[in-house]
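The residues making up each chain are set out below.
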Amino acid sequence: MKPIALLYSTVDGQTKKICHFLAEYLQQKNHPIYLCPIDSFKEELSNFKSVVIGASIRYGKHRPEVGKFISENQQVLEKLNAAFFSVNLVARKEDKNSPKTNPYFIKFQEEVPWKPNLAAVFAGSLDYKKYGFFDRIMIKAIMKFTGGPTKTPKPIEYTNWKRVQEFAEQLSALQQKT
């Protein structure tokens, strides 16, 4: 059986953490997994049955390597079972946590013509102590603007793991269909 490629682009590690969760879940369902940062991926996509791309947002954008990878591989991605998920703090809000309502996901789909078979949006985590000076100032300003916390004694994980598991179940079903 061909494996599922789980490719990710992460800034602070939450997208990687979500990919590890997906990998564990899918391996328990007997799906072989290949987990890799998207910018280190050197394999042939045709060696995989499915490709899942996870990408985080920083300052309103996915990292450039995500769009580049999709653009360079769009024709192959369209022939495979393909899924995409975006991780961002705006998704902590109920009215912004789906592909149809998340402004960053909507903007990304307008910029990248590829349409995955399955898509999701997950909230990330907030850890001011982890950020450098500039990022801490900028993220606090963004959080103030969006009504989020600007001071937290501990990291806040907004990721809804139940929704991540539901996405993993959908990935497993997609893998079994073909």
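See above for the structure.
All values derive from a computational prediction rather than experimental measurement. (Residues numbered from 1 in each chain as written. Predicted model: local features only at pLDDT ≥ 70, side-chain atom pairs only at ≥ 80, totals over all residues. Heavy atoms only, no water.)

Asks: Run through the pairing of strand S3 (residues 50-58), naming residues and quoting values.
Replies: Taken across its nine residues, S3 has nine buried, putting it largely inside the fold. Taken together, the six bridges between strand S1 (residues 4-9) and S3 define a ladder with parallel strand orientation. Within the sheet, the bridge partner assigned to isoleucine 4 lies in S3 and is serine 50. Both S3 and strand S5 (residues 81-88) contribute to a ladder of seven bridges, which runs parallel. Note that in S5 the partner of alanine 55 across the bridge is serine 86. In the sheet, S3 pairs with strand S4 (residues 61-62) via two bridges, with the strands oriented antiparallel. Note that in S4 the partner of isoleucine 57 across the bridge is histidine 62. Between S3 and S4, which pair antiparallel in sequence order, lie two residues; one of them, tyrosine 59, sits at a positive phi of approximately 55°. (Buried < 20%, exposed > 50% of the residue type's maximum accessible area, 1.4 Å probe, protein only. Helix = DSSP H or I, 4+ residues; strand = E, 2+ residues; numbered from the N terminus. Pairing = 2+ DSSP bridges.)

Asks: Could you give an account of the pattern of salt bridges, with specific residues and numbers?
Replies: Per the stated rule, a full pass over the model turns up seven salt bridges. Across the pair arginine 63 and glutamate 65 runs a salt bridge whose closest N-O atoms are separated by 3.6 Å. In this structure, glutamate 166 and lysine 162 form a salt bridge, with 3.0 Å as the shortest nitrogen-oxygen distance. Of this pair, glutamate 166 and lysine 162 both sit in helix H5 (residues 161-177), four residues apart, which is roughly one turn of the helix. (Salt bridge = Lys/Arg side-chain N within 4 Å of Asp/Glu carboxyl O.)

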